[in-house]
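# Remarks on the overall topology
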Amino acid sequence: KQEVTQIPAALSVPEGENLVLNCSFTDSAIYNLQWFRQDPGKGLTSLLLIQSSQREQTSGRLNASLDKSSGRSTLYIAASQPGDSATYLCAVKGAGNNRKLIWGLGTSLAVNP
Amino acid sequence: DAGVIQSPRHEVTEMGQEVTLRCKPISGHNSLFWYRQTMMRGLELLIYFNNNVPIDDSGMPEDRFSAKMPNASFSTLKIQPSEPRDSAVYFCASSYGDRGTEAFFGQGTRLTVV
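The paragraphs below set out a description of the structure included in this document.

Conventions and cut-offs
Residues numbered from 1 in each chain as written. Chains lettered and ligands numbered in written order. Predicted model: local features only at pLDDT ≥ 70, side-chain atom pairs only at ≥ 80, totals over all residues. Heavy atoms only, no water. Helix = DSSP H or I, 4+ residues; strand = E, 2+ residues; numbered from the N terminus. Buried < 20%, exposed > 50% of the residue type's maximum accessible area, 1.4 Å probe, protein only. Phe/Tyr/Trp six-rings, centres within 6.5 Å; stacked < 30°, edge-to-face > 60°.

What follows concerns unusual backbone geometry. The omega torsion across I7 of chain A and P8 of chain A is 0 degrees, close enough to zero to call that bond cis. The residue P8 of chain A is located in the loop between strand 1 (4–7) and strand 2 (10–14) in this model. Following Q80 of chain B, the chain continues to P81 of chain B via a peptide bond in cis, the omega torsion being -5 degrees. Checked against the element boundaries, P81 of chain B lands in the loop between strand 8 (74–79) and strand 9 (88–95). Backbone geometry places N51 of chain B, a non-glycine residue, at a positive phi of 50 degrees. Secondary-structure assignment places N51 of chain B in the loop between strand 5 (42–50) and strand 6 (53–56). Looking at N51 of chain B, the relative accessible area reads 46%, which means it is partly exposed. A positive phi angle is found at N52 of chain B, which is not glycine, with a value near 75 degrees. Here N52 of chain B shows up in the loop between strand 5 and strand 6.

Take the packing of aromatic side chains next. Aromatic ring pairs are reported here in terms of the distance separating the ring centres and the angle at which the planes meet. Taken as a whole, this structure holds eight aromatic pairs over all chains when the rule is applied. Ring geometry for W103 of chain A and F105 of chain B: centres 5.7 Å apart, planes at 85 degrees, overall edge-to-face. Highlighted residues: W103 of chain A in strand 10 (residues 101–103) and F105 of chain B in strand 10 (residues 104–105), drawn from two different chains. By relative accessible area, F105 of chain B is classed as buried at 10%. Aromatic side chains F91 of chain B and F105 of chain B sit 6.3 Å apart centroid to centroid with 80 degrees between the ring planes, which places their arrangement in the edge-to-face category. Of this pair, F91 of chain B sits in strand 9 while F105 of chain B sits in strand 10, and the two are 14 residues apart along the sequence. Connected via pairs of aromatic rings, a cluster forms that spans F36 and W103 of chain A together with F33, Y35, Y48, F91 and F105 of chain B.

Set out below in structure tokens:
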């Protein structure tokens, strides 16, 4: 059974820092991995999608990496800004016929001005 | 496109009442997902549809929960009778393709059962 863990659960950093959020999964047979952002009281926004054959994806100041063999993904945020404050969720979709996303509990990020 | 639209945004109801949550997926998407989010358990997939057909409802917690998708542009999640432990935020998401490569989420319905 796939399990997704995100560490740390919460993170507070000063503005301008580069930071790394971690996601680990127990079953390496994945179809893809996604990073989402959730603002308080809002829905989820997909940030980056990495297919199982890819090693990383980049969008602006965000870079996500995937190491299937070790069951890990990292989300790197460069030059953090207060507007980056949100909860970041990692979700894994299994290979085969399973269409379900399996979710981590998220990392709550606060970037302080 | 306006994105995935959910209604109502907030619902407060008394225990025992019927609650109906509604979702309009993005036009052209053929997969629709209902999720429940709580602090303790995070996001849980309740049910998903592909081409209006329920594919997996193993996440539906009890018989009190039911979901329908009568057409490609509308889905409902019904709880009858509601209980205080059903209080959560319920999200609807839609995507395109058999594997639902990327999911677009609605703003959610915050349900409070008192």
